[in-house]
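Next come the chains, spelled out residue by residue.
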Amino acid sequence: MRNRFFLWILFLSGAVLFVFTLIAAYREIAPEWKRYQAQYKEQIIKLAKDDATKKKAKELVPAVQQIYLGTLNRIDRCMSCHMGVENPMMANAKLPLKQHSGDYLKNHPPDKFGCTVCHYGQGRATNKKEAHAATRDTHWDFPTIPLKYIQSSCTQCHDYEMLSAKGYDNIAKGAKLFMEKGCRGCHKLNGIGGALGKKLDVVGSQPIAYFPMRFVEGDRNTYNWHKQHFTDPRALVPESEMKINVKPEETDLLATYVLSLRAGEMPKDYRRIKGTQTVEKPDEGEALYRMFCIACHTTGKDSYFDEIFNRTIPAIMKPAFLKTADEKYIKKVVEDGRAGTQMTSWKATAGGLTGVEINNLIAYITKDRPSAKPERFDFAGFKTDLKRGEELYNIRCALCHGKKGQGGEGFLGLNLRNPVVQGADPEFLAITVRDGRSETSMPPFGKKGVGFTDRDIADVVSYVKTMSKKK
Amino acid sequence: MSNETHEKTGMSRRDFLGLASLGAAVISSLTVLAGTFRMFKANVRYEESTKFKIGKAEEFPAGTVKKLDDKGVFILSKDDGIYAISAICTHLGCIVNQVDWGFQCPCHGSRYNEHGKVIGGPAPRSLEWLEISEAVDGSLEVDTAKSVPVGTKLKLYA
Amino acid sequence: MNELKQSGIDVFKHNIKSLLGSFAGSFLRSGKPTSDKSRAAAMFNNFFLHVQGVKTHINTLRPTYTLGLGLISFFLLIITVISGVLLMVYYSPSIEHGYTSVKDINYVVFAGKLIRNVHKWAGEGMIIFVLLHMARVFYTSSYKQGREFNWVVGIVLLILTFGINLSGYMLPWDQLSYWALVIVANIIQSPKEITDSLGITKFFDVGVFSKELFLGGLTAGKESLTRVYLLHIMLLPIFLFIFLGVHFWRIRKDGGLTKPDVFEPKPIDAGLAALPEKRGGIFPTNKTYGLMELAHGRTPVVDRDVENTVLSWPNLLIAEAALFVLCLAGVIAYSFFIDAPLKELANPMIPENPAKAPWYFLGLQELLSYSAFMGGVGLPGLALLGLALIPYLDKEPYHVGIWFSNKQGKRIALESLVVSTIVIIGLLAFVINFGWFRNWWPNVPQMLITLINPGNIWVGFMIVWSLYVIKRTGSTRMGAIALFTMFLISFLIYTYVGTELRGPNWDFFWSKSQWPIH
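My aim in this report is to walk through the structure given alongside it, one point at a time. It should be emphasised that the depicted structure is a prediction, and the values quoted were computed from it without experimental measurement.

Right, let's get into the interface of chain C and chain A. With 42 residues of chain C at the contact, the number on the chain A side is 39 residues. Summed over both sides, the interface of chain C with chain A buries roughly 3,600 Å², with 65% coming from carbon and sulfur. The interface formed by chain C and chain A holds 3 salt bridges in total. Across the contact surface, chain C and chain A share 7 residue pairs in polar contact (both at pLDDT 80 or more). Sorting the residues of the side of chain C that touches chain A by element identifies helix H7 (98–107), helix H8 (112–139) and helix H15 (312–337) of chain C as the ones contributing at least two each. It is H15(C) that contributes the most residues to the side of chain C that touches chain A, 13 residues altogether.

Spelled out as structure tokens, the structure:
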């Protein structure tokens, strides 16, 4: 019986093998795209007006259609299904056989540009699911881009002026919003901008895994992520500190803009750039304020307690503030930032602003400075007592600024050990202590407020100035 | 002798099953093998397409001779039409140069007349004439994989 | 004389006429196998078949004895070699084109996706069947009576199987490949944990040295892919085939497959072709051997049980052919339904979370999560050494060729299965709920964790329990059964936990559906 047993196994597995090989072979010789090519052939034959076209159509042999783009390092096989993109006869056909809309292909011949350079998607794939790559299980980082964002592809070769002149102004509008909403207050672009947020230089070509997709609604791709992130950053990234102040219709424009920030440049042969391609840095004070400051300081006229930053953001353009803060002090803060707060350093080596630009910016901020100067304190006229200063500090100041002046986390007051305070003119510090900081938690400590004498104030200030040396 | 008879009975008992299973195994293995060999033939080429556009007809007024270095093709335009001659020497595949009397191959000295007909040297055949046609968008297309009989010209201004 | 009358031209004509027949004759050497003699000749005159005996013991042909596991492993190897060569036609081993060439294999190469799946699943199937084959050999005591060394060769083949699979995993250069490569490189680097603890890293940094040797640099990059490719298609296969040759040769020299000392054919064996009558056939019972063989000492097959052997042609060959086609059909059917994974292009900036090694290493990765050195080098090294030493520590010459030796053996195996399952799950539950030293005392020295961690405790338990079994039963074979059973069970459970129950950040999840979505 033994041999019969083996023979049966041989027979049955041979049969199974045969069946599966045949099915596999069928799958190979009858792929999805062949169906579309057959439809295309049929429609061309039906629509053909002259015999030559008809004859040509009849000679069509189904084959993978591909565009080999050596210089772009791409192979696009999209036309295996989208057979009619270049054929005017297919103007009224249904997708995927329909002719490409508009006259884009006239200036962008597919044999030079391919498809995925503008549309994204997986050019090598030969089935719809993986070519369009809409779902995550296709493991392709750049699914076909929705048409509302397609202008982000144009900037690879064209400048904003040219695009706007032709009516494709989403990208320029997005760039303008980017300039005016203070995005660069936190995000660096071309090396210029704040340090709180992520750099945006190549954000448009980051892979999906770079973005937390957990809370994204709809398809989990970067396009939806950007739009929803501009709508409500904390809905996608709960720990985000990002400030956003845009209208719903503006989110698409901003998304288009950030998606245009891509890594890698097109070969020179393709580029047609004369004007601006990314957001430049203006040098005029108000524009600088909008680009770098407005996201946190808003109009600058009212201070407010920011729940995300968990601190009061001062009204830097309010006369009451400007009265006490002199130019030297503001310049110091802008250049070095405020350690322990969200205020970052803007000097050339950090935020990337030149001295001239900082001066322009300060001139704009201080344009409403009242002419009345605060009453002089005359710090130099006092002989100070450090020990007394320390005692006073511990009683009156430590509660908000911390025993070591560390401030920051868990304290109302700011860090007194930071270089801005430590390097400030003691005269200025004394005036601040005496008159307080209106609209912040810092009350006036002078006779009009808590009741310190000038001597008390001078002692405290002299103690504070020694704090950076304390352990 | 006793062995022989013993065997025959052994064979006959499993004759049919044996043949059937052997057949199933052989046929299915052959199918697998056929698929395997088919796999070696690439479905696509990993290189530039043999068919490429050379521009509009207006760019080739009668009398022009243009050599496309990267494609290895001469485009020639005469009064009676435009035609393309392959620049690939039929001897061993070098690129020929154009000279007064036609084309000359720098490698082994094959010589061709102005129509690409071989007139000297080791080349076995004349230079190939390539298909030139009008694409849907009105520009001219050359396909280096399709040769046409010598003298075939595309009439432009009929 | 006839020849004299023929002219040279006539002879030549005759030769031309009979060209086909004489070529076939020279090719096949012996004619159509119709008699015992010609069947024997068919076996030993054929280059590919002579590796096997002319006659095969009936026990060897019983599917319930061998389960065909060794042959299946070999056939899967043949399938991977063929499909692998096919893939090499289109694969390009570079980080620029490797990934896209695999994509093209999937999308435009005729049957490319199927062939890639076949290669992948046949390769991974080898791991399973090599392990099962090892278990079969162990439980039938087939590592005894002159077969000790072949068991060691088998262990080497097991290691090579793991190595080939792992190196192949790196080649598509997707996220899975890249991060598995990084993990493996760090396992190779893990002796640093020991040298650091001993404070001798600056004199003798064996960890970083071996890592650099493997990667061709300090980080995974294009050099690493070249090296891994070389390992996968050249170095490891060469060693695999050399050791496989030795393995097969030793099977013959050690007297074929094991069989019980007392063997009685059953009625079911009657279907075998040409079952010789007692003392019949062309071979007398007493086989003849060359002087070299007899002088060599142990010749396990001489004069023993010859009446229970049958001719290999056709009995053995039918069984082998059936098994081969079964393997091929099985692999192709499986590959038809399940695709080999291919993730996003490798991105050194963004790790997969969880960054998992291939499944067959996830048992180790679970141990690695306790201590990189012990999990990656120490314990697997110890396990392989222990496995290799089994035939030298258990030399009891009874029960060879019988599954689980005897009733006691079955009981011990069952008992070890239950005990090991309880202990491992207990250890895992403890670690998952309460953590380990570092969770309790953050400043605990690494050396202490390297020495005392759940992995080591488990291995220690295995050793102690086996010794206890030896003491209790007075039999080293019983101890070996306990040890081997526990080894298999722990491989199974740890692999399952690592594959299915560990999610992002190596946290515990009851099922993959509970993983936080990224």
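Let us look at the interface of chain B and chain A. Facing the 21 residues of chain B at the interface are 22 residues of chain A. In total, chain B and chain A occlude about 1,800 Å² of area from one another, counting both sides; carbon and sulfur atoms represent 68% of this. Counting across the chain B and chain A interface gives 1 salt bridge. Run the count over chain B and chain A and you get 3 residue pairs in polar contact (both at pLDDT 80 or more). No other element matches helix H2 (residues 15–40) of chain B, which puts 11 residues into the side of chain B that touches chain A. Looking at the side of chain B that touches chain A residue by residue, the classes come out as 10 nonpolar, 4 polar and 7 charged.

So, about helix H14 (residues 285–292) of chain A. All names here are of chain A. Taken residue by residue, H14 has Gly285, Leu288, Tyr289, Met291 and Phe292 as its buried positions. One face of H14 carries all of its buried residues, which in axial projection span an arc of 170°. On its buried face, H14 is in contact with helix H10 (170–180), helix H15 (294–297) and helix H18 (355–365).

Residue and element names in this part refer to chain C. One finds Met134, Phe138, Trp151, Leu181, Ile390 and Phe484 to be the most contacted residues of the largest nonpolar core, which totals 85 residues. For this core, the leading source of residues is helix H22 (residues 476–501), giving 12 residues. Excluding residues that lie within four positions of it along the chain, Leu181 makes contacts with Met170, Trp173, Phe214, Leu215, Ala220, Ser224 and Val228.

Scanning the entire structure with this criterion turns up 1 disulfide over all chains. Disulfide partner of B:Cys94: B:Cys107, at an S-S distance of 1.9 Å. Disulfide B:Cys94-B:Cys107: the torsion about the S-S bond is -100°, which places it as left-handed. Note that B:Cys94 is positioned in the loop between strand S4 (81–86) and strand S5 (97–99) and B:Cys107 in the loop between strand S6 (102–104) and strand S7 (111–113), a separation of 13 residues in sequence. Sulfur of A:Cys81: no disulfide; nearest cysteine sulfur belongs to A:Cys78 and is 9.0 Å away. On the basis of relative accessible area, A:Cys81 is assigned to the buried category, the value being 13%. Summary of cysteine pairing: A:Cys293 is not part of a disulfide, and the nearest cysteine sulfur, belonging to A:Cys296, is at 9.0 Å.

We now examine the sheet that holds strand S9 (residues 129–134) of chain B. Residues and elements named next belong to chain B. Reading across the sheet, the 6 strands line up as S1-S10-S9-S4-S3-S2 and stay open at both edges, with antiparallel pairing between neighbours. The open sheet has two edge strands with one neighbour each: strand S1 (51–56) and strand S2 (65–68). Put simply, the sheet's adjacent strands are angled 30° from each other on average, direction ignored. Bridge analysis of strand S3 (residues 73–78) against S4 gives 6 bridges, and the strand direction is antiparallel. Within S4, the position partnered with Val73 by the bridge is Ser86.

Next up on the list: unusual backbone geometry. When glycine is set aside, most residues are seen to have a negative phi, and most peptide bonds are trans. That bond from A:Leu95 to A:Pro96 is cis: its omega, 5°, falls within 30 degrees of zero. Relative to the helices and strands, A:Pro96 resides in the loop between strand S2 (74–76) and helix H4 (104–107). Of note in the backbone geometry, A:Asn73 takes a positive phi value of approximately 55° without being a glycine. Mapped onto the elements, A:Asn73 comes out in the loop between strand S1 (67–69) and S2. Of note in this structure, C:His399 is not a glycine but carries a positive phi near 60°. With respect to the helices and strands, C:His399 occurs in the loop between helix H17 (372–393) and helix H18 (407–434).

All names here are of chain B. Counted residue by residue, S4 has 6 buried out of 6 residues, so it is predominantly covered. Hairpin remark: S3 followed by S4, antiparallel, with 2 residues in the connecting loop. As judged from the 2 bridges shared by S4 and S9, these two strands associate in the antiparallel manner. Bridging from a neighbouring strand, Ala84 pairs with Leu130 of S9.

Residues and elements named next belong to chain C. Between helix H9 (residues 148–170) and helix H13 (residues 222–253), whose axes approach to 9 Å, the crossing angle comes to 160°. Put simply, H9 runs roughly antiparallel to H13. Here H9 runs over H13; the crossing is left-handed. A class-by-class count of the residues in the contact of H9 with H13 yields 18 nonpolar, 8 polar and 1 charged.

A word on the side chain of A:Thr126. Considering the arrangement of structural elements, one finds A:Thr126 in the loop between helix H6 (116–119) and helix H7 (128–132). Judged by relative accessible area, which is 11%, A:Thr126 ranks as buried. Excluding its chain neighbours within four sequence positions, the residues that come into contact with A:Thr126 are A:Trp33, A:Arg77, C:Tyr107 and C:Val108.

The rules we used
- Chains are numbered independently. Their residues run from 1 in the order of the written sequence.
- Here every chain gets a letter starting at A, and every ligand a number starting at 1, in the order they are written.
- Residues qualify for local features only when their pLDDT is at least 70, as the model is predicted, and side-chain atom pairs are given and counted only at 80 or more; totals for whole chains, interfaces and linings, by contrast, use all residues.
- Side-chain descriptors were evaluated using all non-hydrogen atoms of the structure, hydrogens and water having been removed beforehand.
- Pairs of residues are marked as contacts when any of their non-hydrogen atoms sit within 4.5 Å.
- Summed over both partners, the accessible area lost on bringing two parts together, with a 1.4 Å probe, is the buried area.
- Just to be clear on terms, a salt bridge is a Lys or Arg side-chain nitrogen sitting within 4 Å of an Asp or Glu carboxyl oxygen.
- Two N or O atoms form a polar contact when they lie within 3.5 Å of each other; inside protein one atom must be a possible hydrogen donor and the other a possible acceptor, and for residues adjacent in sequence the pair counts only when both atoms belong to side chains.
- In this description a helix means any DSSP run of H or I spanning at least four residues, a strand means any run of E spanning at least two, and both kinds are numbered starting from the N terminus.
- Amino acids are sorted into nonpolar (Ala, Val, Leu, Ile, Met, Phe, Trp, Tyr, Cys and Pro), charged (Asp, Glu, Lys and Arg) and polar (every other residue, Gly among them).
- Between buried and exposed lies partly exposed: a residue is buried under 20% and exposed over 50% of the maximum accessible area for its type, with that area taken using a 1.4 Å probe on protein chains only.
- When we speak of the arc, we mean the arc of directions from the helix axis to the C-beta atoms.
- Only buried residues count toward a nonpolar core, which is a set of Ala, Val, Leu, Ile, Met, Phe, Trp, Tyr and Cys residues joined through side-chain atoms within 4.5 Å.
- Throughout, disulfides are identified as pairs of cysteine sulfur atoms within 2.5 Å of each other.
- What makes two strands pair is DSSP finding at least two bridges between them.
- To obtain each axis, a line is fitted to C-alpha atoms, and for helices this fit is confined to the stretch in contact; angles are then taken between N-to-C directions over 0 to 180 degrees.
- For classification, angles of less than 35 degrees are called roughly parallel, those exceeding 145 degrees roughly antiparallel, those between 65 and 115 degrees roughly perpendicular, and all remaining angles oblique.
- Handedness of a crossing is defined here by the sense of rotation of the near helix relative to the far one, left-handed for an anticlockwise turn of less than a right angle and right-handed for a clockwise turn.

Honestly, that's just the spatial picture; any functional story needs more than this.
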